[in-house]
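# Coordinate inspection notes
This is what each chain is made of:
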Amino acid sequence: MQATHAVPHTGIHEEHHGDAGFWRTYVFSTDHKVIGIQYGVTALAFLFFGFTLMLMMRWQIAHPSVPVPLVGPLLEKLLGSVASQGKISPDLYNSFGAMHGTIMVFLAIVPLAFAAFGNYVVPLMIGAPDMCFPRVNMASYQSYVIGGIIMMVSFFIPGGAAQAGWTSYSPLATSIATNGQTFWLVGMIFLITSSLLGAVNFIATIIQLRAPGMTWMRMPFFVWSQFVTAFLLLLAFPPLEAAGVMQLMDKVAHTSFFLPTGLAVGTLGHISGGGSPLLWQHLFWFLGHPEVYVLILPAMGIVAEVIANNTRKPIWGYKSLVYSALTIGFLSFIVWAHHMYLTGMGIRVATFFQTTTMIISIPSVIILTCMFLSLWGGSIRFNTPMLFVMAFLPMFGIGGLTGLPLGFNFSDLHLHDTYYVIAHFHYIVAPGTIFALFAGVYYWYPKMTGRMMNEFWGRVHFWLSLICMNLIFQPMFAQGMAGMIRRMSDGGANYTAAHNSATGAEVIGGLSDGLIRLHVFILWAAVCLGIAQIPFIINFFWSIKHGKPAGSDNPWQATTLEWQTPTPPPHGNFAKAPIVYRGPYEYSVPGHTADFTPQNEPDKA
Amino acid sequence: MEIPYTTEIRRDTGLYNAKVGIWLFLASEVMLFGALFSSYILLRVGAPEGFWPHGWLTVWLGTLNTIVLITSSITTVMAWASLKMGNFGKFKMFHAITLCCALAFLCIKSYEYHDKFIHNEITLKDGRIADGHVVKKTEEAVTIEGRFVKDRKDLFNLSTPFLGPPKYEEIEIKTADIATMSNYGPAHHTYNAIYFTLTGLHALHVIGGALVIFYLWAFGGKMWKTDPERFTNRVEISGLFWHFVDLVWIFLFPVLYLL
């Protein structure tokens, strides 16, 4: 606890911002910490909203064309004919599906993992007074909010929100007659602008504003992971923006960038043709795959911090982690076409992308292995953040390993577009990334508020979430391997063996009743997962005022710089500009009295 | 609270913050235009034999615009250099030229756009194809300055050097005889689509850059007096962006006008 003595304690109050007034302090703030919290709260709200969309979809899958209980009448009132009698029509199901994906990826997880934690923690960790460009930072958040509002508004326009999935493949996306897709595209342009402004700011801050002594190899792994993530956002998003502009032209100016000659579907009468549907897929997945690493790298960063702190020993293989993260960054730009094996690509191209896909799993495995090895021989503190992180490791492992059959085109041909894929990437993102994000919330909460979240309810939240997540996603592997396709509003009832035997025809590969009945099981597991979040939500708000006081500026006894500030950190962060003398994870150094040595503690010699 | 390195250079990186920021931003812009140029290549390679247009744009207007933009890039450097030498008056003069160039570029570009919007391809009910610029349009008839072609393919290659330009005459076509009529806007052909998208996006960049330069040019006097170094940096940053916009055009011109 030596380090905290050096810093004058300014008390747990929010009055550090001077007399800027309410609006400048909380709404139009340029302080990275306020912006980080704004991002965090907004993204958590979107996370919850995306989850409720999914709950309604699961109801429809489990009980096709049965009115949704509780919210059915409300849906009809709000959305009109697409939800008549409180039932979810196929159109509405498609809207919910598209928006669930869009909201979860672009409005919830990325803003939470990258923008919220990155904004709050990165400048503190590198010893900077703020981000490089505070006003650009504010513009980034505002652009994000505008994009989010446009996405939300699109639910209420005639015909409803976008229906073509979060991937928005043309010509489907262009030929659906409503304006939902146009709203989606305009919203995406705002979200892309937001992430561009954020990414520029993050990279510039990490390059320019590191405190004296904070060399590259003394940066906490979390900062490295955010650094690589920012580069992915910076370079991978613009091609999607270009594609978005072109699809917008297709929608609004009636061009045919993605519409082939001779296409006659829906409202597309007189098109000039000559476009390429594959072009959209290439541009989309050029973003889409790096985006996967945008989702996972910040989570790995959080995991590294929490593990080092709670095993009370240095993270195993810091350099390997850093180089692996950089390798993942580079490789993630040349694996995108493994999402497109079914488009009929040539063998040579497929071989190239299979090879790069297999290679990119190596650095991911290195990172996971380093995390596991870090646990070895540590005296582990099992607090809530650590529990979430411990669960992240095997959950991410399941998600990653089940991805290998999808990376080979021969096995992907069978599994493509089935529930297996859904289970695979949700294992990466839901019990993977989201668990790491929960760990981050519990871990940095005392720094943000000066109070701890309740430990008991944190554990309840953890165990229920862990069990329910697995009950939801494990059955999907079985469904998918049996050939159940995604995105069917009746959950595949059309393909049951029973249904087809009614017509007398013998069906090979029809779905068994058992597989269909799993939908009901998954529905109730999802409902339980929703209930499991109640302790978290209450805990989150209740602890702001009534949580146990953190007791010091460094309640977890951590080494990194964000804990060597007053709590919560004032505008400008550090009472005295920090100087860094050592690496990020000096825990249990032999010969030291305390089992942790903060980065800004000078050598005693 | 002061953020370090806003004007002074950080020793180990050799840069001030905004310069790192603008280069990162430009890297992202390269990816944006790179994706569009790649799309251009894919669409062009995928077009049926003989149906990718040649010579649809006026080369000398494009050349003029290229000269205009290169001139503006030179004056942008000179404006920044003038500030470095402490001469605010010269800065004003050079950036005035830059702004005039930006305006000239946009005027020429809008003329070219307008030219495309009045240019029509008309399929008659008897199967003939007329092509030309609309001169007069009434309820009953359309008058174009153009020609009839036998084969639609003839419209796609206007740059045959030895035949000279095709002969154009005034043709009046009765509205009742018209089967379809489509102007050379974005929806006419994927070439027009990518042409309008690329140049439109580029024009937005020109407008954005010109607005920033105008802001610094018109209201920069105060900052020049109080914080000349920071002001010079701002001019440098806006100049870097302007050079990028110029560079994009250097690629656009051959790709769309010449090839």
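Remember, predicted model here, so these are calculated numbers, not experimental data. (Residues numbered from 1 in each chain as written. Chains lettered and ligands numbered in written order. Predicted model: local features only at pLDDT ≥ 70, side-chain atom pairs only at ≥ 80, totals over all residues.)

## Brief notes about the overall build of chain B
- When you go through chain B residue by residue, the secondary structure sums to 6 helices and 5 strands.
- The order of helices and strands in chain B, counted from the N terminus, is α-α-α-β-β-β-β-β-α-α-α.
- Relative to its length of 259 residues, chain B is extended, with a C-alpha radius of gyration of 24 Å against a globular reference of 18 Å.
- When its C-alpha atoms are laid out on the principal axes, chain B stretches across 75 × 40 × 35 Å.
- Within the span of chain B, comprising 259 residues, buried residues form 32% of the whole. (Helix = DSSP H or I, 4+ residues; strand = E, 2+ residues; numbered from the N terminus. Rg over C-alpha atoms; globule rule 2.2 N^0.38 Å. Buried ≥ 20, exposed ≤ 12 C-beta atoms within 10 Å, placed from the backbone.)

## Regarding the sheet that holds strand β3 (residues 141-149) of chain B
Residues and elements named next belong to chain B.
- Here 5 strands make up an open sheet; going across it, the order is β4-β3-β2-β1-β5 and the pairing antiparallel. Only two strands of the sheet have a single partner each, and these edge strands are β4 (169-174) and β5 (178-183). Each adjacent strand pair in this sheet contributes to an overall mean axis angle of 40 degrees, direction not counted.
- Across 6 bridges, β3 lies against β4 in antiparallel orientation. The residue bridging Val 142 from the neighbouring strand is Ile 173, located in β4.
- Where helix α3 (residues 88-118) meets the sheet, it contacts β1 (119-124), β2 (129-137) and β5, and its direction lies at approximately 10 degrees from that of β1. (Pairing = 2+ DSSP bridges. Axes fitted to C-alpha atoms, helices over the stretch in contact; angles between N-to-C directions. Contact = placed C-beta atoms within 7 Å.)

## A short note on the confidence of the model for chain B
- Confidence in the prediction of chain B, expressed as mean pLDDT, is 93, and 98% of residues score 70 or more.
- Confidence estimates for the predicted assembly give a pTM of 0.94 and an ipTM of 0.95. (pLDDT = per-residue confidence, 0-100.)

## A closer look at unusual backbone geometry
- For the bond from Ser 170 of chain A to Pro 171 of chain A, the omega torsion is 0 degrees, close enough to zero to count as cis.
- One can find Pro 171 of chain A in the loop between α6 (134-153) and α7 (172-175).
- Here the amide bond leading from Thr 567 of chain A into Pro 568 of chain A is cis, since omega sits at -20 degrees, within 30 degrees of zero.
- Tracing the backbone through its elements, the reader meets Pro 568 of chain A in the segment after α19 (513-546).
- At Arg 312 of chain A, a position not held by glycine, the phi torsion is positive, near 55 degrees.
- On the secondary structure map, Arg 312 of chain A appears in the loop between α10 (277-311) and α11 (318-331).
- Of note, the phi angle at Tyr 5 of chain B is positive, near 65 degrees, even though the residue is not glycine.
- Mapped onto the fold, Tyr 5 of chain B is located in the segment before α1 (17-46).

## So, the interface of chain A and chain B
- Between chain A and chain B, the residue contacts involve 34 residues of the former and 30 residues of the latter.
- Sort the elements by how many residues they give to the side of chain A that touches chain B and helix α9 (residues 221-252) of chain A lands first, with 10 residues.

## Observations regarding the environment of Thr 174 of chain A
All names here are of chain A.
- As for its placement among the helices and strands, Thr 174 is situated in helix α7.
- For Thr 174, a count of 29 C-beta atoms within 10 Å gives the class buried.
- Taking the C-alpha atoms as reference points, Thr 174 and Leu 248, separated by 74 residues in sequence, lie 8.7 Å from one another.
- Residue contacts for Thr 174: discarding those within four places in its chain leaves Gln 247, Asp 250, Lys 251, Phe 258 and Leu 259.

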